[in-house]
Amino acid sequence: MWLHEQKDERKEVIEGQQRLTTIIASERGHFDDGAPLHLQRLEILETLNSNTYADLKEGHSPFVSSFENYILCLRLVKHETDPAGVFEVRQHWSRELECSADQAGSLQGPLHRSAA
């Protein structure tokens, strides 16, 4: 994930907004619009389908500690960086992710927004 340091020391997410949104929604159990977030379409761990993060915590699932202890790799672009450099970082990582998606077939994971 890439962050851009602002002059007032706040951080703006350059790359990784979707990942952060999903992490926050997982902890809350829902997205900002209230749509619930739960596991679905798991093929190997089918018994976890329809569980929320709270369900997993309540059931003392070993997956909770993996989630809570996951290390996020953050990279910081200093505020002195030319705006063109910030844009270049954003463009580069967008292309990298597109290539990864093409190679893997999809970046879609086990957490999905519920159909309204």
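**Some details on the sheet that holds strand S1 (residues 2–5)**
Argument step 1. Taken in spatial order, the three strands of this open sheet run S2-S1-S4, and their pairing is mixed. The outermost strands of the open sheet, each flanked by one partner alone, are strand S2 (11–15) and strand S4 (75–77). Adjacent strand axes in the sheet meet at a mean angle of 35° when their direction is disregarded.
Argument step 2. Pairing geometry for S1 and S4, over three bridges, is parallel. Residue pairing for S4: His4 is matched across the bridge by Val77.

**Topic: the pattern of salt bridges**
Side-chain pairing between opposite charges can occur once the charged atoms of the two side chains come close.
Argument step 1. Counted under the stated rule, the structure contains four salt bridges.
Argument step 2. Measuring nitrogen to oxygen at the nearest pair gives 2.9 Å for the salt bridge that ties Asp32 to Arg28.
Argument step 3. Notably, a salt bridge pairs Lys57 with Glu68, separated by 3.6 Å at the nearest N-O pair. Placement of the pair is Lys57 in helix H2 (residues 53–58) and Glu68 in helix H3 (residues 62–68), with a sequence separation of eleven residues.
Argument step 4. Assessed through its relative accessible area of 38%, Lys57 is described here as partly exposed.

**So, the confidence of the model for the protein chain**
Argument step 1. With 79% of its residues at a pLDDT of at least 70, the protein chain reaches an overall mean of 77.
Argument step 2. In the model of the protein chain, strand S5 (residues 111–113) stands out as the element of lowest mean pLDDT, 40, in contrast to strand S3 (residues 37–39), which has the highest, 87.

**What about the pairing of S2?**
Argument step 1. Here S1 runs beside S2; their pairing, made up of four bridges, is antiparallel. Within S2, the residue paired with Leu3 across the bridge is Val13.
Argument step 2. Two successive antiparallel strands, S1 and S2, enclose a turn made up of five residues, where Glu9 displays a positive phi of approximately 75°.

**Observations regarding the nonpolar core**
Argument step 1. Leu39, Leu42, Leu48, Tyr53, Leu56 and Val64 form the largest nonpolar core, which has six residues in total.
Argument step 2. Residues in contact with Tyr53, not counting those within four places in the same chain, are Ser26, Glu27, Val64, Phe67 and Glu68.
Argument step 3. Among the nonpolar cores identified, the runner-up in size contains five residues, and Trp2, Ile14, Val86 and Val89 belong to it.

**Structural notes on the packing of aromatic side chains**
Argument step 1. For the coordinates displayed, the defined rule picks out one aromatic pair.
Argument step 2. For the ring pair Tyr53 and Phe67, a centre distance of 4.9 Å and an interplane angle of 50° mean the geometry is tilted. Taken together, the positions of Tyr53 in helix H2 and Phe67 in helix H3 put the pair 14 residues apart, joining distant regions of the chain.
Argument step 3. Residue Phe67 is classed as partly exposed on the basis of its relative accessible area, which comes to 30%.

**Some details on unusual backbone geometry**
Argument step 1. Positioned with a positive phi, Glu9 is a non-glycine residue whose angle comes to about 75°.
Argument step 2. On the secondary structure map, Glu9 appears in the loop between S1 and S2.
Argument step 3. Despite not being glycine, Arg41 shows a phi value in the positive range, around 60°.
Argument step 4. Looking at the secondary structure, you find Arg41 in the loop between S3 and H2.

Rules used in this analysis
- Residues numbered from 1 in each chain as written.
- Predicted model: local features only at pLDDT ≥ 70, side-chain atom pairs only at ≥ 80, totals over all residues.
- Heavy atoms only, no water.
- Pairing = 2+ DSSP bridges.
- Helix = DSSP H or I, 4+ residues; strand = E, 2+ residues; numbered from the N terminus.
- Axes fitted to C-alpha atoms, helices over the stretch in contact; angles between N-to-C directions.
- Salt bridge = Lys/Arg side-chain N within 4 Å of Asp/Glu carboxyl O.
- Buried < 20%, exposed > 50% of the residue type's maximum accessible area, 1.4 Å probe, protein only.
- pLDDT = per-residue confidence, 0-100.
- Core = buried A, V, L, I, M, F, W, Y, C linked by side-chain atoms within 4.5 Å.
- Contact = heavy atoms within 4.5 Å.
- Phe/Tyr/Trp six-rings, centres within 6.5 Å; stacked < 30°, edge-to-face > 60°.

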